[in-house]
Amino acid sequence: PLVRLVYGYGAFDDDAVALTASAAAVFAVGIPVLAVREVAARTCYALGDGTVPVASAVAGVVVNVGLDLLLAPVHGVAGIAAATVSASVVAAAVTLAGLHRRHRAVPPLGRPALGIAAAGAAGAAVGWLVRLGLGTPDGPAGAALVCAAVGTGVLAGYLPVLRLACPEQFRL
């Protein structure tokens, strides 16, 4: 609905909206991972360490190119987006591991990472159910309503699970 609201007019037809929406949905999953990687990389630079961010970038490029070659022929634009998100996950993991190993700047993240993953899955499930319940919106107002409802549903599913999974790390 958001892509249709923003781009769905003029020469941007229904096929272009669907193609863009598929890529945007996959990229949206990677936004938090990208934020973590950026903060972690900047922390490395602040500590005078350029090796970890470069190593994580190289690992990310290798994963991105490899998965692009595998996923693009099968899934098209969404496959390319999935390869990029996967590369971001690898780069973030390498950066965080490097920060922990070289500088002890990040505590081990096993349980919090699992809690975040469980909360993300719960949020996605609730958002998906809300989206199914609302059906296809009519016009820009309907698209905006669906975006707001799905976003609220995602938060309603995400925050309680995060709080239950990692109460000591994530106080609300």
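The coordinates are above.
The sections below set out a description of the structure shown in this document. Predicted, not measured: the structure shown is a model, and the values here were computed from it.

Let us now look at the overall build of the protein chain. Counting its regular elements, the protein chain contains 5 helices and 0 strands. Ordered by position in the sequence, the α and β elements of the protein chain form the string α-α-α-α-α. Burial statistics for the protein chain: of 172 residues in total, 23% are counted as buried. Partitioning the contacts of the protein chain with sequence separation of at least 6, the portion at a separation of at least 24 is 63%. As displayed, the protein chain offers around 10200 Å² of accessible surface, 72% of which is attributable to carbon and sulfur atoms.

Attention now moves to the packing of aromatic side chains. Taken as a whole and judged by the stated rule, the model has 1 aromatic pair. With a centroid separation of 5.4 Å and an interplanar angle of 35°, the aromatic rings of Tyr-7 and Phe-12 are classed as tilted.

Looking at where Ala-93 falls in the secondary structure, it is placed in helix α3 (residues 51-103). The class of Ala-93 is partly exposed, set by a relative accessible area of 43%.

Generally speaking, soluble globular proteins have nonpolar side chains that are buried together. Core analysis: the largest hydrophobic core is formed by 5 residues, namely Ala-40, Cys-44, Val-52, Leu-99 and Val-106. Sorting the residues of this core by element identifies α2 (14-46) and α3 as the ones contributing at least two each. When neighbours within four sequence positions are excluded, Cys-44 is seen to be in contact with Asp-49, Val-52, Pro-53, Thr-95 and Leu-99.

Turning to α2, a few remarks are in order. Look at α2: 46 Å from first C-alpha to last across 33 residues, which is about the 48 Å you get at 1.5 Å a residue. Along α2, the helix axis deviates most sharply at Gly-30, where the bend reaches about 40°; the proline Pro-32 sits within four residues downstream. Every buried residue of α2 is accounted for by Val-17, Ala-23, Gly-30, Arg-37, Ala-40, Ala-41 and Cys-44. Here the buried face of α2 lies against α1 (2-7) and α3.

Let us look at the pattern of salt bridges. With the rule as written, the count across this model stands at 3 salt bridges. With a shortest N-O distance of 3.5 Å, Glu-38 and Arg-42 are connected by a salt bridge. In this pair, Glu-38 and Arg-42 are both assigned in helix α2, 4 residues apart and thus about one turn of the helix distant. Here Glu-38 falls in the partly exposed class, since its relative accessible area comes to 32%. When the shortest N-O distance is used, the salt bridge between Asp-49 and Arg-102 registers 2.9 Å. With Asp-49 in the loop between α2 and α3 and Arg-102 in helix α3, this pair connects stretches of sequence that are 53 residues apart.

What counts and how
Residues numbered from 1 in each chain as written. Predicted model: local features only at pLDDT ≥ 70, side-chain atom pairs only at ≥ 80, totals over all residues. Heavy atoms only, no water. Helix = DSSP H or I, 4+ residues; strand = E, 2+ residues; numbered from the N terminus. Buried < 20%, exposed > 50% of the residue type's maximum accessible area, 1.4 Å probe, protein only. Contact = heavy atoms within 4.5 Å. Areas by Shrake-Rupley, 256 points an atom, 1.4 Å probe, with all protein chains shown as cover. Phe/Tyr/Trp six-rings, centres within 6.5 Å; stacked < 30°, edge-to-face > 60°. Core = buried A, V, L, I, M, F, W, Y, C linked by side-chain atoms within 4.5 Å. Expected span 1.5 Å × (residues − 1). Bend = angle between axes of the 7 residues up to and from the residue. Salt bridge = Lys/Arg side-chain N within 4 Å of Asp/Glu carboxyl O.

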